[in-house]
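Now for the letters of each chain:
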Amino acid sequence: MSTAAIQPLQGVRILSLALNLPGPAALWRCADMGADCKKLEPLAPSGGGADPMGLYCPSAYAQMHERVQTLQADLKTEAGQRALHALLAETDVLLTSFRPSALTKLGLGWEALQQRYPQLSLVRVVGSAGELADVPGHDLTYQAEAGLVHSTQLPPSLFADMAGALMASEAVLKAMLISSRSGRGVFQEIGLAQAAQWLSLPWHWGLTQPDGDVGGAHAGYQIYPCADGIVAVAALEPHFSQRLCEAAGLPFSHPTDMRKPEIHVGVAQFLAPLRCAQLMQLAQEKDIPLHALPH
């Protein structure tokens with residue numbers, strides 16, 4: 001059997017109550033790994049489900065739910081509770097994104113679940129893991145807290161949400177591995193704030209700060225203007241740096257040369273008159289990692 005045919009979550013039954021982006025994105029990844037995925041959404045006043053992502057971005061909602069069986073129920077009613085527990089009785093992993101206090105009110109606290117369904121695992125996505133799990137927040141606040149917001153410009157992506165989705169799908173894998181050995185369900189909590197903090201580590205280490213080699217100090221790891229756009233150059237390793245310098249007609253004797261102001265200036269002057277098509281051809285011919293983006 002080829003590795004492409006191996007489905008690590010084949011036969012695993014996941015029920016998700018998670019709305020917005022992190023939970024559905026995690027469920028999407030689990031479906032890609034072969035899981036049998038169901039999602040129980042609140043009832044909207046107009047009928048159907050009430051996941052806000054369906055309003056924010058219907059195309060994203062549709063893509064994330066392609067292989068998910070979507071159901072609706074009002075969990076605050078007896079009928080909704082019956083529907084929920086009928087599903088939980090045949091579920092391996094429950095995925096949630098409600099605050100812990102809300103889960104407790106719905107009878108879905110970990111202790112209650114463990115007592116009623118001892119083989120069921122819970123993966124709980126929260127704003128911040130631990131004592132701050134009930135404090136409200138969103139991707140932007142978690143990125144700001146982690147040091148990833150540096151101006152009034154909004155970040156280009158929802159990094160905390162998407163990193164949290166990765167961690168949540170990883171938590172499903174962990175839960176199944178552990179429970180396969182113990183025979184009991186396990187509890188995993190994923191904090192979006194901690195996901196943002198994980199992504200921000202290169203900044204806090206200094207790697208992506210202005211004096212770091214991937215923050216601007218290295219002439220081979222920069223974004224430069226070119227004749228009809230910009231070019232992202234990632235000639236970081238010494239052999240790539242040497243090829244870039246050779247193409248630009250610049251001296252290269254040691255990797256630290258790439259931090260010299262004259263090398264920065266020389267690379268910029270070499271790239272400035274070249275068009276994006278020429279730069280992509282240069283990358284192929286000289287085996288230099290770069291990508292040009294036309295205006």
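No experiment lies behind these values; they were computed from the predicted model shown.

Cut-offs used in this document
Residues numbered from 1 in each chain as written. Predicted model: local features only at pLDDT ≥ 70, side-chain atom pairs only at ≥ 80, totals over all residues. Heavy atoms only, no water. Core = buried A, V, L, I, M, F, W, Y, C linked by side-chain atoms within 4.5 Å. Buried < 20%, exposed > 50% of the residue type's maximum accessible area, 1.4 Å probe, protein only. Helix = DSSP H or I, 4+ residues; strand = E, 2+ residues; numbered from the N terminus. Contact = heavy atoms within 4.5 Å. 1 Å grid on protein atoms, 1.4 Å probe; cavity = no way out; pocket = protein on both sides within 12 Å on 5 of 7 lines; lining within 4 Å. Points joined across faces, edges and corners; volume = space filled by probe spheres on them. Pairing = 2+ DSSP bridges. Axes fitted to C-alpha atoms, helices over the stretch in contact; angles between N-to-C directions. Salt bridge = Lys/Arg side-chain N within 4 Å of Asp/Glu carboxyl O. Parallel < 35°, antiparallel > 145°, perpendicular 65-115°, else oblique. Nonpolar A, V, L, I, M, F, W, Y, C, P; charged D, E, K, R; others polar. Patch = residues over 30% accessible without salt bridge, like charges linked within 9 Å, V, L, I, M, F, W, Y side chains within 5 Å. Areas by Shrake-Rupley, 256 points an atom, 1.4 Å probe, with all protein chains shown as cover.

*Asks:* Looking at this structure, I do not really get the nonpolar core. What am I missing?
*Replies:* Across soluble globular proteins, nonpolar side chains have a tendency to be buried as a group. By size, the foremost hydrophobic cluster in this structure holds 32 residues, and its most contacted members are I14, C37, L95 and V123. Those elements that place two or more of their residues in this core are α1 (22–32), α3 (58–64), β4 (93–96), β5 (121–126), α7 (139–146), α8 (159–182) and α9 (192–199). Not counting residues within four places of it along the chain, the set of residues in contact with V123 comprises V93, L94, L95, T96, A168, A171, V172, Q188 and I190. Counting 25 residues, the second-largest nonpolar core is a separate cluster that includes V231, I263, L271 and I288.

*Asks:* Help me out: how do you make sense of the layout of surface pockets in this one?
*Replies:* Sizing a probe to match a water molecule and rolling it over the atoms shows the empty space that remains. If you add up the space inside the largest pocket, you get close to 630 Å³. Taken together, 29 residues make up the lining of the largest pocket; nearest its centre are N20, G137, H138, D161 and L192. Listed by contribution, the elements that provide at least two residues to the lining of the largest pocket are α1, α2 (53–56), β5 and α7. If you tally residues by element for the lining of the largest pocket, the top one is α7, at four residues. Each pocket or cavity is described by its volume, and for the second largest pocket that value is around 340 Å³. Q143, L148, H150, P156 and F159 are the residues nearest the centre of the second largest pocket, which is lined by 15 residues in total.

*Asks:* Looking at this structure, how should I read the pairing of β4?
*Replies:* Along any regular strand, the residues point their side chains to alternate faces of the sheet. Residues V93 and L95 line one face of β4 and the alternating positions L94 and T96 line the opposite face, and both faces are buried. Examined bridge by bridge, strand β1 (residues 13–16) and β4 share three bridges and lie parallel to one another. Bridging across to β4, L15 finds its partner in L94. Two strands pair when backbone bridges link them, and β4 and β5 are joined in this way by four bridges, in the parallel orientation. Within β5, the position partnered with T96 by the bridge is R124.

*Asks:* Sorry, what's going on with the sheet that holds strand β7 (residues 221–226) here?
*Replies:* Within a beta sheet, neighbouring strands are joined by backbone hydrogen bonds and run either parallel or antiparallel to one another. Spatial strand order, β7-β8-β9: three strands in an open sheet with antiparallel pairing. The open sheet is flanked by β7 and β9 (290–294), the only strands paired with a single partner. In this sheet, adjacent strand axes meet at a mean angle of 15° when their direction is disregarded. By the bridge criterion, five bridges tie strand β8 (residues 229–234) to β9 in an arrangement that is antiparallel. Bridge pairing in β9 links I230 to L293. Its contacts with the sheet place helix α13 (residues 276–286) against β7, β8 and β9, and it is angled at close to 165° to β9.

*Asks:* Looking at this structure, how should I read the pattern of salt bridges?
*Replies:* Two side chains carrying opposite charge are able to pair once their charged atoms lie near each other. Per the stated rule, a full pass over the model turns up eleven salt bridges. Across the pair D92 and R13 runs a salt bridge, and its minimum N-O distance is 3.2 Å. Placement of D92 in the loop between α4 (78–88) and β4 and of R13 in strand β1 is noted, with a sequence separation of 79 residues between them. Classification of R13 as partly exposed rests on a relative accessible area of 35%. Note that K260 is salt-bridged to D257, the shortest N-O span being 3.1 Å.

*Asks:* Looking at this structure, how should I read unusual backbone geometry?
*Replies:* Across residues other than glycine, the phi torsion is negative in most instances, and most of the peptide bonds are trans. Of note, N20 is a non-glycine position whose phi angle comes to about 65°, a positive value. Mapped onto the elements, N20 comes out in the loop between β1 and α1. According to the relative accessible area criterion, N20 is partly exposed, its value standing at 23%. Positive phi, normally seen in glycine, also occurs at D287, with a value near 55°. Take D287: it is sitting in the loop between α13 and β9.

*Asks:* Got a minute to help me understand the packing of α7 against α8 in this structure?
*Replies:* Describing two packed helices takes the angle between their axes plus the distance from one axis to the other. It is the contact of α7 with α8, at a shortest axis distance of 7 Å, that shows an interaxial angle of 95°. Classified by the angle between their axes, α7 and α8 sit roughly perpendicular to one another. Along the contact surface, α7 presents D139, Y142 and Q143, while α8 presents F159, A160 and D161. Residue composition of the contact of α7 with α8, by class: three nonpolar, one polar and two charged.

*Asks:* What's the story with a nonpolar patch on the surface in this structure? I'm lost.
*Replies:* A contiguous nonpolar patch, built from F159, W198 and L199 and spanning about 320 Å² of accessible area, is present on the exposed surface. One can find F159 in helix α8. What makes F159 partly exposed here is its relative accessible area of 34%.

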